[in-house]
Amino acid sequence: MARPDMPNELAITFLYYRDLPRAMRFYEDVLGLPLVIDQGWCKIYRICPGAYVGLVDETKGMNKWTAEKSVQICIRVPDVDAWYTYAQQEALDNLSELFVNDEIGIRAFVFNDPEGYQIEFQTATRPGA
């Protein structure tokens, strides 16, 4: 059988939480992401067109919460400096300094969400990066 030849509709990265309401407040109130699909114990937020993050109650999802996180959500923005100023004002957990990675052409910073997932905000420092 041939692979289906049709466009994908969206992509969702699922993260698992012990305290779903706390995670929801963070993604809605701090990051300002809109809730677009509410499945009860799973909340799906739009990061940008075509990119979504799903917050899942770990007691009901296919996976469980773990203390060690090996996932990073990266959000590219037009003005990383404005977001960094905001992140400092919000005193986000484990907030890094702004850094430049010339090898991949970004200016960025990272912080942790309420249950330890790392989030990176970045701006390209050169075309095509």
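Treat the numbers as computed from the prediction; the structure is a model and nothing was measured. (Residues numbered from 1 in each chain as written. Predicted model: local features only at pLDDT ≥ 70, side-chain atom pairs only at ≥ 80, totals over all residues. Heavy atoms only, no water.)

1. Description of the sheet that holds strand β8 (residues 118–124)
The sheet built from 4 strands is open, its strands ordered β5-β8-β7-β6 with mixed pairing. The outermost strands of the open sheet, each flanked by one partner alone, are β5 (72–76) and β6 (99–101). If you compare each strand with its neighbour and ignore which way they point, the axes differ by 30° on average. With 5 bridges connecting them, β5 and β8 associate as parallel partners. Across the sheet, Arg 76 pairs through a bridge with Gln 122, a residue of β8. (Pairing = 2+ DSSP bridges. Helix = DSSP H or I, 4+ residues; strand = E, 2+ residues; numbered from the N terminus. Axes fitted to C-alpha atoms, helices over the stretch in contact; angles between N-to-C directions.)

2. Notes on helix α2 (residues 80–90)
Turning to α2, its buried residues number three or more, namely Val 80, Tyr 84 and Ala 87. Axial view of α2: buried residues confined to an arc of 60°, hence all on one face. Residues of α2 that are buried sit in contact with β7 (106–112) and β8. One side-chain oxygen of the residue at the start of α2 lies 3.2 Å from the amide nitrogen of Asp 81, identifying that residue as Asp 79. Taken from the residues just after α2, Ala 91 is the one with a positive phi, measuring 50°. (Buried < 20%, exposed > 50% of the residue type's maximum accessible area, 1.4 Å probe, protein only. Arc of directions from axis to C-beta. Contact = heavy atoms within 4.5 Å. Polar contact = N/O pair within 3.5 Å; in protein donor to acceptor, adjacent residues only side chain to side chain.)

3. What about the pattern of salt bridges?
A complete count under the given rule lists 2 salt bridges for this structure. Among the salt bridges present, the one from Lys 43 reaches Asp 38, with a minimum N-O distance of 2.6 Å. On the basis of relative accessible area, Lys 43 is assigned to the buried category, the value being 10%. In this structure, the salt-bridge partner of Asp 81 is Arg 107, at a minimum N-O distance of 2.7 Å. Here Arg 107 lies in strand β7 and Asp 81 lies in helix α2, a separation of 26 residues in the sequence. When its relative accessible area of 34% is taken as the criterion, Asp 81 is described as partly exposed. (Salt bridge = Lys/Arg side-chain N within 4 Å of Asp/Glu carboxyl O.)

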